[in-house]
Amino acid sequence: MATYKLFLLPGDGIGPEVMAEAEKVIAFFNAEGGARFETEKGLVGGSAFDAHGASISEADMERAQASDAILFGAVGGPKWANVPYEARPEAGLLRLRKDLQLYANLRPAVCYPALASASSLKPEVVEGLDILILRELTGGVYFGEPKTITDLGNGQKRAIDTQVYDTYEIERIGRVAFDLARKRRNKVTSSEKHNVMKSGVLWKEVITALHKREFADVQLEHQLADALGMQLVRWPKQFDVIVCDNLFGDMLSDVAAMLTGSLGMLPSASLGDVDPKTAKRKALYEPVHGSAPDIAGKGAANPIAMIGSFAMCLRYSFGLGAEADRLEAAIAKVLADGLRTRDIAAPGEATISTSEMGDAVVAALGGAQAA
Ligand code: NAD
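From a predicted model like this one, the values you see are computed outputs, not experimental measurements.

Here we come to the nonpolar core. One finds L6, F37, L71, F310 and L327 to be the most contacted residues of the largest nonpolar core, which totals 72 residues. Discounting chain neighbours no more than four positions away, the residues touching L327 are V25, F29, I307, F310, A311, L314, V361 and L365. With 18 residues, the next largest nonpolar core counts C111, V125, L228 and F239 among its residues.

In structure tokens form, the structure reads like this:
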């Protein structure tokens, strides 16, 4: 039986609450016996700062490096608002992304039919939506140097951020996009602003050449990032995989997120390269939402984003596509049955707790198996 090492980093606020529900799903699959998931737990964010004075300890970084995949909850909260900058809760997540070179951020935007009315767009625009935004995560303007604010001495200051991309960075994210599209509806939309940015010119050139060389069977189109923003809210179902740089991806993935209703529904994956020695890909899976201090400890958090992140882990780290399909079908069934946590309930609708939602997904999984 295949054995997979999962490193769990629940974090702060609702992180541990939603992680507990993902652990029920992991226990279900272990009990079923198709594959064995070994779990180990560490500290990240504010909880790590309280224990070690750092947002993640060196020992936990080593465990993260040695694992087959990381499941991450959420970090942050008012309690740690004044800790030193380098020990702030987010620093733990940024360190993981950087040290593991997790350059490909996958954010699916899937609208379950039962939740189409929760979107701010018309139900017919979003019902059945299933698109994937792929954001380059380790390069571009967030990291480029120089990155400075200079006092010009005349009462003015000058701020500089630098957008930098090398060919290899564009190629490797492009390759992930085309590979993903082949497993979906075979279409990639590449987005940049080649009309005003040199990095956009290179981005378009590299993606076009890669497509011609290795992925001519996949449909490729280019859209300027501003136009794509409009198209995303006009008719999002025209897309399959959208690939873009760090800055545009940050914005466009948040727009796409809102198409589907609630933050509590959105999973994500961050992938690195395949290690040629082990044939394994470094990967971290996390809900898009934060630690939600406003509802922490109240049993009100929606665990579906966290459970959906584990479904992505099954699919992208372990090649367990059938198990991922079953888990996603179990989530869809629970929603179709009308079960709602507070964030996805219509006004006046009955709601269930975090742990009741986790139990319902596990029960639906059992049902899916028996069917
Ligand atoms: P947030 O995502 O924590 O919460 C935004 C709103 O969405 C809140 O009203 C919250 O109650 C609700 N919400 C979020 N997740 C939910 C869930 N699973 N179920 C039901 N409702 C949910 O964002 P925020 O309030 O801007 O930030 C809170 C803290 O989280 C801050 O410290 C921030 O820095 C941190 N944060 C961490 C991450 C991360 O760990 N990756 C991401 C974003 C924000």
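Put simply, helix α8 (residues 225-234) and helix α9 (residues 246-259) touch, their axes get as near as 10 Å, and they point 5° apart. By the angle between their axes, α8 is roughly parallel relative to α9. Contacts between α8 and α9 pair A225, L228, G229, L232 and V233 from the former with F248, L252, V255, A256 and L259 from the latter. Residues belonging to the contact of α8 with α9 are distributed by class as follows: nine nonpolar, one polar and no charged.

Here the focus is the site of the ligand. Looking at the ligand, there are 21 residues lining it, with V75, E90, G290, A292 and N302 nearest. Here V75 contributes a backbone N or O atom positioned 2.9 Å from an oxygen atom of the ligand. Take E286: an N or O atom from its side chain is 3.5 Å from a nitrogen atom of the ligand. Contact with the protein chains removes 66% of the 800 Å² of surface that the ligand exposes when unbound. If you list the elements that add at least two residues to the shell around the ligand, you get β3 (69-74) and α4 (89-99). Tallied by class, residues from the shell around the ligand come to 10 nonpolar, seven polar and four charged.

What follows covers the pairing of strand β11 (residues 267-274). With respect to burial, β11 is a largely interior element, six of its eight residues being buried. Strand direction decides the pairing type here: strand β4 (residues 104-110) and β11, joined by three bridges, are antiparallel. Its bridge partner being in β11, N105 is matched across the sheet by S270. As paired elements, β11 and strand β12 (residues 281-287) share six bridges and run antiparallel to each other. Paired with A269 across the two strands is Y285, which belongs to β12. Hairpin connection between β11 and β12: a loop of six residues separates the two successive antiparallel strands, and A279 in this loop has a positive phi of roughly 65°.

Attention now moves to the packing of helix α10 (residues 304-316) against helix α11 (residues 321-336). Where α10 meets α11, the closest approach of the two axes is 7 Å, and the angle between their N-to-C directions is 160°. As summarised for this structure, α10 and α11 are arranged roughly antiparallel, according to the angle between their axes. In this structure, the crossing between α10 and α11 has a hand that is left-handed. Residues I304, I307, G308, F310, A311, L314 and R315 of α10 pack against G321, E323, A324, D325, L327, E328, I331 and L335 of α11. Its residues assigned to classes, the contact of α10 with α11 shows nine nonpolar, two polar and four charged.

On to the pattern of salt bridges. Tallying each qualifying case throughout the model produces 27 salt bridges. Among the salt bridges present, the one from D161 reaches K147, with a minimum N-O distance of 2.8 Å. In this pair, D161 is assigned in strand β7 (residues 157-162) and K147 in strand β6 (residues 144-151), connecting sequence segments 14 residues apart. When its relative accessible area of 37% is taken as the criterion, K147 is described as partly exposed. Note that E214 and R175 form a salt bridge whose closest N and O atoms lie 2.8 Å from each other. Pair noted here: E214 is in helix α7 (residues 198-214) and R175 is in helix α6 (residues 167-182), with a separation of 39 residues, a long-range link. According to the relative accessible area criterion, E214 is partly exposed, its value standing at 33%. You can call R175 partly exposed: its relative accessible area is 29%. Beyond isolated ion pairs, a larger network of salt bridges with shared partners links D130, R184, R185 and D240.

So, how was this worked out
Counting of residues starts from 1 at the beginning of each chain's written sequence and follows it residue by residue. Local features are withheld for residues below a pLDDT of 70 in this predicted model, meaning they are given only at 70 or higher, and side-chain atom pairs are given and counted only at 80 or more; totals for whole chains, interfaces and linings count all residues. No hydrogens and no water enter the side-chain calculation; it runs on all heavy atoms of the structure. Think of a nonpolar core as a cluster: buried Ala, Val, Leu, Ile, Met, Phe, Trp, Tyr and Cys residues, connected wherever their side-chain atoms sit within 4.5 Å. Think of it in three bands: with a 1.4 Å probe and only protein chains considered, a residue is buried below 20% of the maximum accessible area for its type, exposed above 50%, and partly exposed in between. We call two residues in contact whenever any of their non-hydrogen atoms come within 4.5 Å of each other. All axes are obtained by fitting lines to C-alpha atoms, using only the stretch in contact for helices, and the reported angles, taken between N-to-C directions, cover 0 to 180 degrees. Helix and strand assignments come from DSSP, with helices taken as H or I runs of at least 4 residues and strands as E runs of at least 2, each series counted from the N terminus. In what follows, roughly perpendicular refers to angles from 65 to 115 degrees, roughly parallel to angles under 35, roughly antiparallel to angles over 145, and oblique to any angle outside these ranges. Each residue gets one label: Ala, Val, Leu, Ile, Met, Phe, Trp, Tyr, Cys and Pro are nonpolar, Asp, Glu, Lys and Arg are charged, and the others, such as Gly, are polar. Note on terminology: near, applied to a residue and a molecule or strand, indicates that one of the residue's heavy atoms is within 4 Å of it. Identification of polar contacts relies on pairs of N or O atoms within 3.5 Å, with a donor-acceptor requirement for protein atoms, meaning one able to donate a hydrogen and the other able to accept it, and with residues adjacent in sequence counted only if both atoms are side-chain atoms. Each accessible area is a Shrake-Rupley result for a 1.4 Å probe, and residues are judged covered by the shown protein chains and nothing else. Two strands are said to pair when DSSP picks up at least two bridges between them. With the far helix as reference, a near helix turned anticlockwise by less than a right angle produces a left-handed crossing, and one turned clockwise produces a right-handed crossing. We define a salt bridge as a side-chain nitrogen of Lys or Arg found within 4 Å of a carboxyl oxygen belonging to Asp or Glu.

The quantities given are spatial measurements derived from coordinates; they are silent on function.
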